Amino acid sequence: MFAVLLVVVALVATAAPVTAASPATASEAEVVEFEAIGDTTFELNDRRYGGPMEIVLYGDGLAVVEEVQLDTYLSGIREVPFSWPEAALQAQVVAARTYLAWTLERGRSTTGREHGYDICATSACQVYAGVGAIEGQDGDRWLNAIETTTGEILVYEGLPAQALYSSSAGSRTRSVQDVWDSAAIPYLQGVDSPEEGVTPFEEWVVDLPEDVFVAVLAAGGYEVGSPIESAVVAGPPEGGGRSQLRIESPEGVTSILMTDVRGVFNRYGDDLFPGLLPARAPSGRRWPQAILSYTFDAELEPAPQAPAPQLVEYLPPSDLPPGARVIITGEGWGHQIGMSQYGAKAMAEQGFTYGEILSHYYTGLAAEEAGDLIPEIVRVGLTWGQSDVTLGATGPFTVRVNGKAVGAVSGGEWHFRDTPSGIAMVPAD
C-alpha cells in the first residue's frame, strides 16, 4: 500500500510525472477509490461515468464498481432509442426500475456477491452506459420519462415483480415456463404483441448446409449423426412447458431443448463458420446473433437426386447438386418473456399509455408507488475478473486506498494491474 500512496502523494505534492516505465509497486492495496471533483467524469471501455468508482482486487482479478443515485442509474440505462414515443420510454423506465428492485429484493447474483455489486451493466442484467448515455438531442426525453414515472414500479403480492423484457417478441410473447425451467408466473404469460411492420425481427431465416448444422451442434456436445433424416420442433401447447428440437439420423433420435440449441449456435456458430453465421437479413446486413430467439421452426430440405456415380467424376464441382439443408425460420429477438420493447413502441404509436402497455405485457399488474422497495443508492458492476484495467479522468478527483484518504489528483489516465502483492497503479503520464 505504501508504494501506491507514495506515487499518489508525489503527484499531489510536486505534480512530477510518473511514467509507465516506473510503475507503482503495490503492497497490500486491495481497494482504490476515485471520487470526482466538480464535473469530472471517468472513462472506462469507451464509456463515461460520474462515479464514485471503486477498483477492487478479488481472487479472480480486478473489478470496477460505480456507486450512483437511483435516478442517475436510470438515466444511464440504454435499452431503447430515446427517440421512441413517450409512452414507450415511460414503460421502459418502469420496467427497468422494477427489474432493479426485483434484483435487489431477491438478493445479489453469485457474481454480484463475489464482486460487491447490486446489478451488472451488461445485457445480462440491464444495459447501463453511464453519464454519456443521455448525451444528444433526445436525452431530455429519457430524463422526462424518468421524472414522470418517479418512484413507480410493478408490484406482485407486495414485492417487486420480475419485470423481464426483451427486444422483440415477433407476434406473441412467451410464457416463462415455456422457455426456462421455471414455475408458471401469472404476469409472465404469453400475450399478443402488435409488432407487425414495426420490428425488424418480424421474421428471420437461417439456411444452413446439413454438415454445418451438424458441426455446430457437435461443438456444443450434441453428436446427432449424419445424414440427418428429419429436424422438427416438438413440444406441448403454449403454457405446457419447454419445446425441443428433435433430430433423427441413422444413429437415432436426439432431442435438444430450444434454449440449448440457441445457446450452442450463438456460442460456436460464428467462430466455426464466420461466413455463414450470423446469417444475412434481407437488407444484406447480418442478424445480431446466429439464432435470435427461442421461437423458431426447423425443416430439413433433402438433397436433390445425385447424378449417376459414373458421371460424378466427370462433372466440375459447380455442376454438382447441393447437399441437404436445414432451414430454421423464427421471429423476435431475445427471450421474449414479459414486455417486448418493439411491442411497447408499436402500442405507443397506436396511442396506448405506458400504464396500458405495462398491464398488457405484465398481465394483471399496474405501476404503483414503490415506497421503500427501491434503493436510493445502486452499486453497478462495470467489469470484473480483469488482470488489468485502464481508467481515465477528465479532471481532478480524490483518491482513497484501502479506505484511507490520500489526496487530490489532477486527472489523466491510470492503469491498474493485478499483482501478487496487491493493486499496482501506473499513471499514464
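Residues numbered from 1 in each chain as written. Predicted model: local features only at pLDDT ≥ 70, side-chain atom pairs only at ≥ 80, totals over all residues. Heavy atoms only, no water.

## Quick notes on the state of the cysteines
Note: disulfide means a covalent bond formed between the sulfur atoms of two cysteine side chains.
Thought 1: A complete count under the given rule lists 1 disulfide for this structure.
Thought 2: The disulfide bridge from Cys-120 ends at Cys-125, spanning 2.2 Å between sulfur atoms. For the disulfide bridge between Cys-120 and Cys-125, the dihedral angle about the S-S bond is near 115 degrees, and by the sign convention the bridge is right-handed.
Thought 3: Taking relative accessible area as the criterion, Cys-120 reaches 3% and is therefore assigned buried.
Thought 4: Taking the relative accessible area as the measure of exposure, Cys-125 reaches 22% and is therefore partly exposed. (Disulfide = S-S within 2.5 Å. Buried < 20%, exposed > 50% of the residue type's maximum accessible area, 1.4 Å probe, protein only.)

## Structural notes on the nonpolar core
Thought 1: Counting residues in each nonpolar core, the largest one holds 112 residues, and the members touching the most others are Phe-34, Tyr-73, Phe-265, Met-339, Tyr-362 and Phe-416.
Thought 2: Of the residues forming this core, the biggest block, 12 residues, is contributed by helix H3 (residues 86-106). (Core = buried A, V, L, I, M, F, W, Y, C linked by side-chain atoms within 4.5 Å. Helix = DSSP H or I, 4+ residues; strand = E, 2+ residues; numbered from the N terminus.)

## Some thoughts on the sheet that holds strand S22 (residues 412-419)
Thought 1: The strand order across the open sheet formed by 5 strands is S3-S2-S19-S22-S23, and the pairing between neighbours is antiparallel. Edge positions in the sheet fall to strand S3 (47-49) and strand S23 (422-427), since each has one partner strand and no second. Between one strand axis and the next, the sheet turns through 30 degrees on average, direction left out of account.
Thought 2: Sheet topology note: the S22/S23 ladder contains 6 bridges and is antiparallel. From the neighbouring strand, Thr-419 faces S23, where its bridge partner is Gly-422. (Pairing = 2+ DSSP bridges. Axes fitted to C-alpha atoms, helices over the stretch in contact; angles between N-to-C directions.)

## Considerations on the sheet that holds strand S17 (residues 367-369)
Thought 1: Strand order across the open sheet formed by 3 strands is S8-S7-S17, with antiparallel pairing between neighbours. In the strand order of this sheet, the two ends are held by strand S8 (159-160) and S17, each with one partner.
Thought 2: In the sheet, strand S7 (residues 152-156) pairs with S8 via 2 bridges, with the strands oriented antiparallel. Across the sheet, the residue bridging to Tyr-156 is Leu-159, located in S8.
Thought 3: Along the sheet, H3 makes contact with S7, S8 and S17, crossing S7 at roughly 55 degrees. (Contact = heavy atoms within 4.5 Å.)

## Remarks on the confidence of the model for the protein chain
When pLDDT is low, close inspection of the predicted coordinates is not appropriate.
Thought 1: Chain-level pLDDT for the protein chain is 89 on average; 89% of the residues reach the 70-or-more range.
Thought 2: Scored below 50 in pLDDT, residues 1-26 makes 53 contacts in the model with residues more than four places away or belonging to other chains. (pLDDT = per-residue confidence, 0-100.)

## A short note on the packing of H3 against helix H11 (residues 354-361)
Thought 1: Taken N-terminus to C-terminus, the directions of H3 and H11 make an angle of 55 degrees; their axes are 8 Å apart at the nearest point. Put simply, H3 runs oblique to H11. Once H3 is placed against H11, the crossing between them reads as right-handed. Where H3 abuts H11, its residues Ala-87, Ala-88, Gln-90, Ala-91 and Val-94 lie against Tyr-354, Ile-357 and Leu-358. (Parallel < 35°, antiparallel > 145°, perpendicular 65-115°, else oblique. Left-handed = near helix turned anticlockwise from the far one by under 90°.)

## Some details on the layout of surface pockets
To find leftover empty space, a probe the size of one water molecule is rolled over the atoms.
Thought 1: The calculated volume of the largest pocket comes to roughly 730 Å³.
Thought 2: Lining the largest pocket are 23 residues, and of these Glu-79, Ser-123, Tyr-165, Ser-166 and Ser-167 sit closest to its centre.
Thought 3: Partitioned by chemical class, the residues of the lining of the largest pocket number 14 nonpolar, 7 polar and 2 charged.
Thought 4: Estimated volume of the second largest pocket: approximately 290 Å³. (1 Å grid on protein atoms, 1.4 Å probe; cavity = no way out; pocket = protein on both sides within 12 Å on 5 of 7 lines; lining within 4 Å. Points joined across faces, edges and corners; volume = space filled by probe spheres on them. Nonpolar A, V, L, I, M, F, W, Y, C, P; charged D, E, K, R; others polar.)

## Quick word on helix H10 (residues 341-349)
Thought 1: Of all 9 residues in H10, 8 are buried; the element is thus mostly enclosed.
Thought 2: For H10, the full list of buried residues reads Gln-341, Tyr-342, Gly-343, Ala-344, Lys-345, Ala-346, Met-347 and Ala-348.
Thought 3: As for H10, its buried residues are in contact with H3, strand S9 (165-166), strand S16 (339-340) and H11.
Thought 4: Positive backbone phi, at 100 degrees, marks Gly-351, one or two positions downstream of H10.

## Some remarks on empty space enclosed by the protein
Thought 1: Tallied over the entire structure, the rule returns 1 cavity of 30 Å³ or more.
Thought 2: When its volume is computed, the largest cavity comes out at roughly 60 Å³.
Thought 3: Every residue lining the largest cavity is listed: Arg-174, Asp-178, Val-179, Arg-242, Ser-243, Leu-257, Met-258, Thr-259 and Tyr-294.
Thought 4: Where the lining of the largest cavity is concerned, the elements lending two or more residues are helix H6 (176-179) and helix H8 (258-272).
Thought 5: Considering only residue class, the lining of the largest cavity consists of 4 nonpolar, 2 polar and 3 charged.

## Brief notes about the packing of aromatic side chains
Thought 1: Inspection of every chain in the model, using the stated rule, returns 17 aromatic pairs.
Thought 2: The side chain of Arg-78 reaches across the aromatic face of Phe-82, ending 4.3 Å from its centre.
Thought 3: A cation over an aromatic ring shows up here: Arg-262 above the ring of Tyr-294, its NZ or CZ 5.0 Å from the ring centre. (Phe/Tyr/Trp six-rings, centres within 6.5 Å; stacked < 30°, edge-to-face > 60°. Lys NZ or Arg CZ within 6 Å of the ring centre and 35° of its normal.)

## Regarding the pattern of salt bridges
Opposite charge on two side chains permits them to pair, given that their charged atoms come into close proximity.
Thought 1: For the structure shown, the criterion picks out 10 salt bridges.
Thought 2: Residue Arg-379 is joined to Glu-67 by a salt bridge in which the shortest nitrogen-to-oxygen separation is 3.2 Å. In this pair, Arg-379 is assigned in strand S18 (residues 377-386) and Glu-67 in strand S5 (residues 61-69), connecting sequence segments 312 residues apart.
Thought 3: Of the charged contacts, one joins Asp-118 and Arg-108 as a salt bridge, the two residues approaching to 2.9 Å between their closest N and O atoms. Pair noted here: Asp-118 is in the loop between helix H4 (110-115) and strand S6 (119-120) and Arg-108 is in the loop between H3 and H4, with a separation of 10 residues, a long-range link. (Salt bridge = Lys/Arg side-chain N within 4 Å of Asp/Glu carboxyl O.)

## Focus: H11
Thought 1: Along H11, the residues that are buried comprise Tyr-354, Ile-357, Leu-358 and Tyr-361. Summarising the axial view, the buried residues of H11 lie within an arc of 95 degrees, below the 170-degree limit, and thus occupy one face.
Thought 2: In this structure, the buried residues of H11 make contact with H3, helix H5 (139-148), S7, S16, H10 and S17. (Arc of directions from axis to C-beta.)

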